[in-house]
Amino acid sequence: MAMFIVKRVLLFIPTLFVISIVVFILIQAPPGDYLTILITNMRESGQIVDEAVIASLQQRYGLDQPLVTRYFRWIGNIVFRGDFGVSFQWNRPVSELIWERLLWTFVISFSTLIFTWLVAFPIGIFSATHQYSPLDYVATFFGFIGLAIPNFMIALVLMWLGYSWFGFSMGGLFSAEFVRAPWSYAKFVNMLQHIWVPIVVLGTAGTAGLIRTMRANLLDELRKPYVVTARAKGLSESRLIWKYPVRVALNPFVSSVGYVLPQLISGAAIVSVVLSLPTTGPMLLRALLSQDMYLAGGFVLMLSTLTVIGTLISDILLVIIDPRIRYERG
Amino acid sequence: MTSASQTSDNTLLEVQGLKTHFFLDMGIVRAVDGVDFRISRGQTLGIVGESGCGKSVTAQSVMQIVPSPPGRIIDGSIVYFGSNSAVEISRFRANSREMRSIRGKEISYIFQEPMTSLSPVHTIGNQLEEAILLHTPVTRGEARGIAVEALARVRIGEPERIVNEYVHQLSGGMRQRVVIAQALSCNPQLLIADEPTTALDVTMQAQILRTIQDIQQESGMGLILITHDMGVIGQMADEVVVIYRGRVMEHGDVIAVFDEPLHPYTKALFDSIPRLDTDRPLRPISGSVPDPFLETTGCPFRDRCPSRFDACDSDAVPALAEVRPGHSARCYLHSGATEEGTE
């Protein structure tokens, strides 16, 4: 087990190396270099561009150097100094911008994940064990609706309902008076009043999908002979269902944990824009739209790293819960 | 009846008029349509028949583990003569406490597929101890000891190591031994073995059957052995029940049935066994098991029967009639009696 983890972590390094090359090539792909865009932007806004600034920037990014040198300069800055470069649009270091928004992203995404699992698990299990019962049809109906309606649509409808019925603005995480206020009990309560909206909105599609997956997985497992064996031993239905088929049906969830991490950063971009949430999604979207390539590159590199880490976590979890995988790996 | 006194002494399980039907969208499958049999302590009852004839559903009905819905026991009685008193287990609801206290403790079941009838993600020990802890007042540590003993009893080497292993680490024969050990771990009075050796090769089959026989001799439990293999029946059973389309076709002492099978279906089953000692070509039973959704009228076997004669055109189902003492058949060749209410 320890060997397996060490091996996987070592594999990490070449994987990330290759990813960083791909990301860098993407950054370099658009025609022109960033400095020309920066200078053009500054000139357009009527600023006088200082030659010294241009020279220092040129040196900083090594834009006079060949591509390979520039790549190593970029990755070297990231690895040794945590310097992801400067965002053209915000004129601030990329790392600062990303970390600032990461906290809220994690808070919202993890709450959403927990909400999703808490709702989807019992409903999925019920749906499978009471297949074709009226409540199963109800769950299936709402499941498909949740899957079919885009999240931003639900967000818009909820906001509209909230505003027209209760006269209360659901956007953002705080009411206007609390946004800049220091933390207090009142601010916390105000946050709770707002945060359930993104959680529910972001959670619906995931919940619906999870219910369907759980139901399908569990239906497969419920027909397996080992379930009948457990029944023949005299176990009660609820005990045997939780112990055997649910346990086996968990595997697909655990393997999807790997995709959850990067989704935390990127998945909810459009909903976050609609609900004006201070998360990373909208910033990534804007960076891509305005070709703010160091910022976008920083995000993409981060997403890729999180995907790799997430995959590692789900692999380790799978090895823990499923002995078949454990022993194949030896 | 002379068997009345016998019943109270020796009988372990008595099944009468059992009907288990499956209510599907396409119609009703009458998987078991009136089955009677009786088994005594220490006795081995063989149930034979082709695939789909209702053998397994009969056995699962006794345990009340027929997949439901769509399956349902709609008629008949199943009486279990436990150590204290007779209980009509067919009255219990499938998931009731009473039924669960019999399942795995009094009556155990060995399934057809050793490959899939154990959980892939729990250790062998975990699965064995579960039933022990459920049915006997022992601690976890004691349960582990009983589990190890149970494995040793089915001739598994190094049982202390095996309890910590997972099913995919074992060979097919070992898995079936584990399944048997699991079924026997609570010392059941009755063991139902549903094709226990079908998935195994011939050598392994002989070993497993011998193990079951040895344990039966030690413990005096009753054994219901379900198989399509006449050879296994001949080796193991005291009495045999031949089932076709959910009904008992012939019932008798194994020697009597083997020496002189009464029902053409039983004869056909014997004829379809490949034999090395003659040059006689293999004679399969003509036709196949009819559409399971059709309700039987008349003799269930008449469309495939080589001995069909005028009487067989009757739409009444022939009754299971005692042709000789302790040997009965459901056939117009031997008795004109018909089943009530079928005409």
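Conventions adopted
- Residues numbered from 1 in each chain as written.
- Chains lettered and ligands numbered in written order.
- Predicted model: local features only at pLDDT ≥ 70, side-chain atom pairs only at ≥ 80, totals over all residues.
- Helix = DSSP H or I, 4+ residues; strand = E, 2+ residues; numbered from the N terminus.
- Buried ≥ 20, exposed ≤ 12 C-beta atoms within 10 Å, placed from the backbone.
- Contact = placed C-beta atoms within 7 Å.
- Pairing = 2+ DSSP bridges.
- Axes fitted to C-alpha atoms, helices over the stretch in contact; angles between N-to-C directions.
- Nonpolar A, V, L, I, M, F, W, Y, C, P; charged D, E, K, R; others polar.
- pLDDT = per-residue confidence, 0-100.
- Core = buried A, V, L, I, M, F, W, Y, C linked by C-beta atoms within 7 Å.
- Parallel < 35°, antiparallel > 145°, perpendicular 65-115°, else oblique.
- Left-handed = near helix turned anticlockwise from the far one by under 90°.

A look at the overall build of chain A
1) Next: In terms of regular secondary structure, chain A is built from 16 helices and zero strands.
2) Next: Put simply, chain A has 330 residues, and 31% of those count as buried.
3) Next: Long-range contacts, defined here as pairs at least 24 residues apart, represent 70% of the contacts in chain A between residues at least 6 apart.

Some details on the overall build of chain B
1) Next: Scanning chain B for helices and strands turns up 11 helices and 12 strands.
2) Next: Viewed in the frame of its principal axes, chain B has a C-alpha envelope of about 65 × 50 × 45 Å.
3) Next: Among the 343 residues that make up chain B, the fraction classed as buried is 44%.
4) Next: Residue pairs at least 24 apart in sequence account for 63% of intrachain contacts in chain B once pairs closer than 6 positions are excluded.

Topic: helix H11 (residues 264-271) of chain B
1) Next: Every buried residue belonging to H11 of chain B is among Pro264, Tyr265, Thr266, Ala268 and Leu269 of chain B, and all of these are buried.
2) Next: Among the structural elements, strand E3 (44-48), helix H9 (230-236), strand E9 (239-244), strand E10 (247-253) and helix H10 (254-259) of chain B are those in contact with the buried residues of H11 of chain B.

Brief notes about the pairing of strand E1 (residues 11-24) of chain B
Working note: regular strand, side chains alternate between the two faces of the sheet.
Residue and element names in this part refer to chain B.
1) Next: Of the pairings in the sheet, the one linking E1 to strand E2 (residues 27-40) comprises 10 bridges and is antiparallel in character. Across the sheet, Leu13 pairs through a bridge with Ile39, a residue of E2.
2) Next: A loop of two residues connects E1 with E2, the two strands running antiparallel in sequence.
3) Next: Here E1 pairs with strand E4 (residues 71-81) via eight bridges, running antiparallel. The residue bridging Thr20 from the neighbouring strand is Ile73, located in E4.

Focus on the pairing of E4 of chain B
Residues and elements named next belong to chain B.
1) Next: With three bridges joining them, E4 and strand E5 (residues 86-88) adopt antiparallel strand pairing. Counted as the bridge partner of Val79 is Glu88 from E5.
2) Next: Count of turn residues in the E4/E5 antiparallel hairpin: four residues.

Here we look at the sheet that holds strand E6 (residues 107-110) of chain B
Either a parallel or an antiparallel arrangement is found when strands of a sheet pair, and the pairing is made through backbone hydrogen bonds.
All names here are of chain B.
1) Next: Read from one edge to the other, the open sheet built from eight strands follows the order E6-E7-E8-E3-E9-E10-E12-E11, with strand pairing classed as mixed. Pairing within the sheet leaves two strands with one partner each, and these edge strands are E6 and strand E11 (321-324). Strand after strand, the sheet turns through a mean of 20° between neighbouring axes, direction not considered.
2) Next: Note that E3 and E9 share four bridges and pair parallel. Bridging from a neighbouring strand, Val48 pairs with Val242 of E9.

Some thoughts on the interface of chain B and chain A
1) Next: Each partner contributes residues to the interface: chain B has 24 residues there, and chain A has 20 residues.
2) Next: Those elements that provide at least two residues to the side of chain B that touches chain A are helix H3 (97-102) and helix H4 (124-135) of chain B.
3) Next: When residues in the side of chain B that touches chain A are grouped by element, the largest group, four residues, is from H4 of chain B.
4) Next: Its residues assigned to classes, the side of chain B that touches chain A comprises 10 nonpolar, nine polar and five charged.

Quick look at the confidence of the model for chain B
All names here are of chain B.
1) Next: Residues with a pLDDT of 70 or more make up 97% of chain B, whose mean pLDDT is 84.
2) Next: Here residues 1-8 is modelled with pLDDT under 50, and outside its nearest four sequence neighbours on either side it reaches one contact, counting other chains as well.
3) Next: Both confidence scores are given for the complex: pTM 0.74, ipTM 0.80.

Overview of the sheet that holds E5 of chain B
Residue and element names in this part refer to chain B.
1) Next: The sheet built from four strands is open, its strands ordered E2-E1-E4-E5 with antiparallel pairing. The open sheet has two free edges, formed respectively by E2 and E5, since each of these has just one partner strand. Neighbour-to-neighbour, the strand axes of this sheet turn through a mean angle of 5°, independent of strand direction.

Focus on the nonpolar core
1) Next: With 113 residues, the main nonpolar core has Leu151, Ala181, Ile192, Ile224, Val242 and Ile243 of chain B as its most contacted residues.
2) Next: It is helix H7 (residues 172-184) of chain B that provides the largest number of residues to this core, a total of seven residues.
3) Next: Not counting the four nearest positions on each side in its chain, Ile224 of chain B is found in contact with Ile39, Leu45, Ile47, Ala59, Leu190 and Ile192 of chain B.
4) Next: Ranked by size, the runner-up nonpolar core spans 20 residues in total, among them Val23, Ala287, Phe299 and Val300 of chain A.

Quick look at the environment of Phe88 of chain A
1) Next: By the element assignment, Phe88 of chain A lies in the loop between helix H4 (67-81) and helix H5 (94-129).
2) Next: Once the C-alpha coordinates of Phe88 of chain A and Val254 of chain A are considered, the two residues, 166 residues apart in sequence, prove to be 39 Å apart.

Describing the packing of H4 of chain B against helix H5 (residues 140-153) of chain B
Residues and elements named next belong to chain B.
1) Next: Running from N to C, H4 and H5 cross one another at 115°; their axes reach a closest spacing of 9 Å. Here H5 runs roughly perpendicular to H4, going by the angle between their axes. Every pair of crossing elements has a handedness; the one defined by H4 and H5 is right-handed. Contacts from Gly125, Leu128, Glu129, Ile132 and Leu133 of H4 reach H5 at Arg140, Ala143, Arg144, Ile146, Ala147 and Ala150.
2) Next: Residue composition of the contact of H4 with H5, by class: seven nonpolar, one polar and three charged.

Let's talk about the packing of helix H7 (residues 151-166) of chain A against helix H8 (residues 185-222) of chain A
Residue and element names in this part refer to chain A.
1) Next: One way to put it is that H7 packs onto H8 with a least axis distance of 9 Å and a crossing angle of 145°. Crossing of H7 against H8: the hand is right-handed. Along its contact with H7, which presents Asn151, Ile154, Ala155 and Leu158, the element H8 presents Val197, Val201, Leu202, Thr204 and Ala205.
2) Next: A per-class count over the contact of H7 with H8 returns seven nonpolar, two polar and no charged.

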